[in-house]
Each structure stands twice: as C-alpha cells, then as structure tokens.
Amino acid sequence: METKTKISGAKALIESLIHEGVETIFGYPGGAIMPTFDALYDYDKKINHILTRHEQGATHAAQGYARVSGKVGVCLVTSGPAATNAITGIADAMLDSTPMVVITGQVGAALLGTDAFQEIDVVGISQPITKWAYQIRKADDIAWAVARAFYIARSGRPGPVVLDIAKSAQVQEVEFNYKPCNFIRSYIPIPEINPTQISDAAKLINGAKKPFALVGQGVVLANAEAELKAFLEKADIPAAWTLLGASAMPTEFRLNKGFLGMHGNVAPNMKTNECDVLIAIGMRFDDRVTGDLATYAKQAKIIHLDIDIAEINKNVMVDVAVIGTAKETLPAITAQLNTSKHTEWIDTFKEFETEEYDKVIKREVFPETGELTMGEVIHKISEATQNKAIVVTDVGQNQMMAARYSNYSQTRSLVTSGGLGTMGFGIPAAMGAKMGAPERTVLMYSGDGGFQMTIQELGTIMQEQIGIKMIILNNHFLGMVRQWQEMFFEERYSFTKMKNPDFVAIAKAYNIDGKEISERSDLDKTIADMLKDDKPYLLVVNVEMKGMVYPMIPAGGSVTNIILGE
C-alpha cells in the first residue's frame, strides 16, 4: 500500500510558489505568518526572500520586479497592521494592471470573527482593489488557491490577488499535490477575436487622411512591441504614448511623437483634436490624458483596442471596439491595412515640436545660466547611460520631468505609479526593478518629499547591496503641490515648504555612498562617479526652488488649452 508523505501547510505554500516559478519574495515576518517564515528557512537555496523595512515597501518592490521582468511579483506579510500597510501597494497594482500575489497571515480559523490580536478582515478590505481575494482556512486548499491566484494575477489584464492564510492552515498537515490552473469557469482572460471588429477597424484606418495612435501599457503587458511597430509602419501612423506606455516604442522611432497628457508634449495633445481617426491601443482614456471629455477628439472616428471590455465606452464613446490582446489584434488589423504614406500629416507635427522646444525644452534642458533644473539633470543622466537604463520615479514634478526628459531604447524601461500616484513608490519600486533586471542600470528619481516617505528602505538596500542609483531632485518643496498653489491658489504656499535633513549623511549611515551638488560645473563628473560601478549611490541635486513642469493642461481643461510657461 502506497503511503503519501504529508507536509505542513506552510511547506505546501512554499512548494506551491516554487511550482509557479517564484524565485524572489519581498516580505516582513510576524506572528500570524511565522510558520511560513519558519518553513522558508529551509528553502533559502530556492527562494530569495528580501526583508524590506515596511510592508508598503514590500508591495512596491514586488511591483517594480513585476513591471521590468514580466513575472508575477510576490509579497509575504503577517496579519493586522502588516496587511493594512500593504493596501496602498495593492491598490496601486490594481490601477496600473501589475501582476502581484500578496500573501497575508491571519489568525487561526477558530479565532476568526472574535477580534483576536491583529485580526482584520483582509478579504473585505482588499476585494474592491484586487482581481481576487480569498481566505485559506485549511491546508487542503493551499495548493488550489495558489494555482488559481497566479493564473488570475498574470492572465488577461494583469492585477493583484490577495491570499489571506489562517495560521492554523499553515501548521496543519496535508498530502501535497500541485496542479497548475489554466481555466476558471466564467473567467475569460483573453477574449476571442471578432473578425468584424478587425475589418471595421482596418476600413476606418485605410480611409484615414490623418490617423493618430495612442499607445498605452497594454502593448507592453501583451509583449506586443514588435506588432505595434509593424502596424504603425505599414500604415505610416504617427503615435504618442501615455505615461505607462512609455518605452513601448523607442524614443528615436520615427513615428514616435512623444508624451500625451497634462504634462505631455504639445504636438500629440494638439493633434488629438485634429486627427480624423484616433486609434487607442491598450490605454484607458484616463482623465490626465483626455482633459475635458466634452471637447476631446470630437472630430475623430475612434477605434479602441483593449483586452478589458469594461474600458470600452467607459470614458470616451468609440466608433469601433476591438476586444482582445494587442499581441493578436494588432497583427490581425495590420494584415488588412493598405501600405500608406501620411507624410504631409506627419509634417504638421513639426510646428508644435519647434514651438515646444523654443518655449519650454530649451530653457529646461539646456539652460545657460541660473540654478540647475530638473530637466537638464535627467537629460544628462539619460545620455550618460546611453538611454539604456530603467527609469523608476516617485510621484510629483520629478515624475513628469523624468518621463519627459529620459530617453528609452528598449521596452519595460519606465516604472512609475500612474493611476494611484503614490508618493514613496520610488525607492522600493527601484529595488524590485533591480532584482527583476539585475543586468540593467536602474535610476530612481524622487523629490525630497517622496524620498522621505519610504526612506527606511535604505536599510534593505544596504543589507542586500541593491545597486540602484537614487537621484533626489531637491527643491525644498512639495514641488507639484507648490506649482498648483502658484498657478491656481494665488501663491498661497500652504504647508509645502520643506526643511530637509542631510540626505547624504543619512545614506552614509546605511553605508551608501552619495554626494550633494548645487553647481552646474559639478554635474558631469558627479554623474560619471555615480555610474562607474554597480553599487548603490545617492545623488542629491539642489535644483531651482520654484521650477515649473511645462507644458501643462489645467485639470479639466481641453487638451488644446496648453500652458507653455510665463
């Protein structure tokens, strides 16, 4: 008679993760998850656990890891405050379609509902901001739940999943048998292509005189960068990218016309309201892209390619919806396209590009006098890395400047908090990005405010020797809020000026080299010193206190209401 070996639920959890190809976990131990951490002690050769200094840091690190690697990011934390600390990262991952599995400890099943120590309704809290949230109460359900969680997190439109595992389930014994999940009844992650939608889209594009494509992160998530390029080149369609769509096209690609949205480039914003066919690919018509919907692209026929049917007609009513993954829908449309040339239409972008250069870029990136600017710092660092680095940003002026003035030569090169706009995202996300792509240079741009929100993660960087290059663009203000106060609140700078610590001294306390500069003459050599090796480094650049991110479309304004500066 065959005897099947039983193992603890904690070991079953770890074995399940190994079956899903997990190599790196970000987490923080505690009482309700301690049996799993104890089991993890024996798996140090198979799984690399990164001890972050805060659970929010663990979630953002998992996001950064997922965004650059294309794998599912994994977090392991305990119950109660640990789980609630993870909520911001879970919400961030949901809005930015990042595949992540967050495993939280929970009190024993017999104590559920008693308000036991560190008990919190994790599933109830996280359901609105996850693709799936499930509580595991017995060891028999662990392998099944993990398989389902990874399938849901990575398939279709990716997103976060939460597994809340009772402590009693971790210590129970179970006969382990792992079966990967590749089907869930009523869940259709990749819809079947509708041939009529494909042909209708192709007809509109073939008849267009002024086609224009908007490229979102859906292209990157679908690994459809080559399909996008073939599509654009065959029909000679100019294209622009959303914040999360950055690097889906190389900066130097001839049909790449830049950045859409509130702080985007002038030409693509203006041309949105001049094109005759607008093709949105894997983007969700966020309000920071559209501005006033009442005036957005009213002259155009609109085609929307998206994997998520819930995005169709949610914000912008479209003429043709193409449901499916861009990896399949783009080549299907391309096959029916005429080979076209739209030289005259594309040339009309040049006037706006010249205007933006003369009124904004020249002053921001190539100033001859005055204080250092964010744009020139970012531009110089991008050049010094041959435009090959992964750029991770915090949120605020640093984010918009980094997106605008970094150049991208390969995909998955910008990691930023788009939908939620989470200050404090930068440091831990950069840690995860470096773990996910150790061979690449990782730059992290932050303001002085956002840096201090997760500054404790310098401890993780020290312990793991994570070689990220951290750049604080220090203007001694909460810069973006100050900009709005200056423009729309009569310069009433209510609680935005910051008295900051000696950031370099703090970094040195964590055995991280760094330097603070204020002079233009120090910039080139300091950048070279920062990039000379793969060790962690902090560069603090004191930039102009009241610098502004231009262009700017006021919130709720039309995409053509662009402010170029004083």
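Here, the structure is the one placed above.
As the structure is a computational prediction, the values presented were derived from the model and not from experiment. (Residues numbered from 1 in each chain as written. Predicted model: local features only at pLDDT ≥ 70, side-chain atom pairs only at ≥ 80, totals over all residues. Heavy atoms only, no water.)

Bringing empty space enclosed by the protein into the picture now. A full pass over the atoms with the stated rule returns two cavities of 30 Å³ or more. Within this model, the largest cavity holds a volume of roughly 100 Å³. Around the largest cavity, the lining residues are Arg 67, Gln 217, Val 220, Leu 244, Ala 246, Ser 247, Arg 412, Leu 414 and Val 415. Put simply, the parts of the chain that give the lining of the largest cavity at least two residues each are α10 (217–221) and β16 (414–415). Of the residues in the lining of the largest cavity, the class split is five nonpolar, two polar and two charged. Split by domain, the residues of the lining of the largest cavity number at least three in each of domain 2 (195–349) and domain 3 (371–542). Roughly 50 Å³ of internal volume is contained in the second largest cavity. (1 Å grid on protein atoms, 1.4 Å probe; cavity = no way out; pocket = protein on both sides within 12 Å on 5 of 7 lines; lining within 4 Å. Points joined across faces, edges and corners; volume = space filled by probe spheres on them. Helix = DSSP H or I, 4+ residues; strand = E, 2+ residues; numbered from the N terminus. Nonpolar A, V, L, I, M, F, W, Y, C, P; charged D, E, K, R; others polar. Domains from an automatic or database assignment.)

Let us now look at the layout of surface pockets. Remark: the empty space left among the atoms is shown by a probe the size of a water molecule rolled over them. One number sums up the size of the second largest pocket: a volume of about 590 Å³. Together, 21 residues line the second largest pocket, and Thr 251, Asn 265, Ile 361, Arg 404 and Asn 407 are the ones closest to its centre. Elements with a minimum of two residues in the lining of the second largest pocket: β11 (256–259), α16 (349–365) and α18 (397–405). Of all the elements, α16 adds the most residues to the lining of the second largest pocket, at five residues. Each of domain 2 (195–349) and domain 3 (371–542) gives at least three residues to the lining of the second largest pocket.

What follows is about the sheet that holds strand β9 (residues 211–215). Within the open sheet, the six strands sit side by side as β11-β10-β9-β12-β13-β14. Their pairing is parallel. Looking along the sheet, the strands with just one partner apiece sit at the ends: β11 and β14 (320–323). Each adjacent strand pair in this sheet contributes to an overall mean axis angle of 20°, direction not counted. In this structure, β9 lies alongside strand β12 (residues 277–281), joined through five bridges in parallel fashion. When the sheet's bridge partners are listed, Phe 212 is paired in β12 with Leu 278. (Pairing = 2+ DSSP bridges. Axes fitted to C-alpha atoms, helices over the stretch in contact; angles between N-to-C directions.)

Don't take any of this as a statement about function, it's just geometry.
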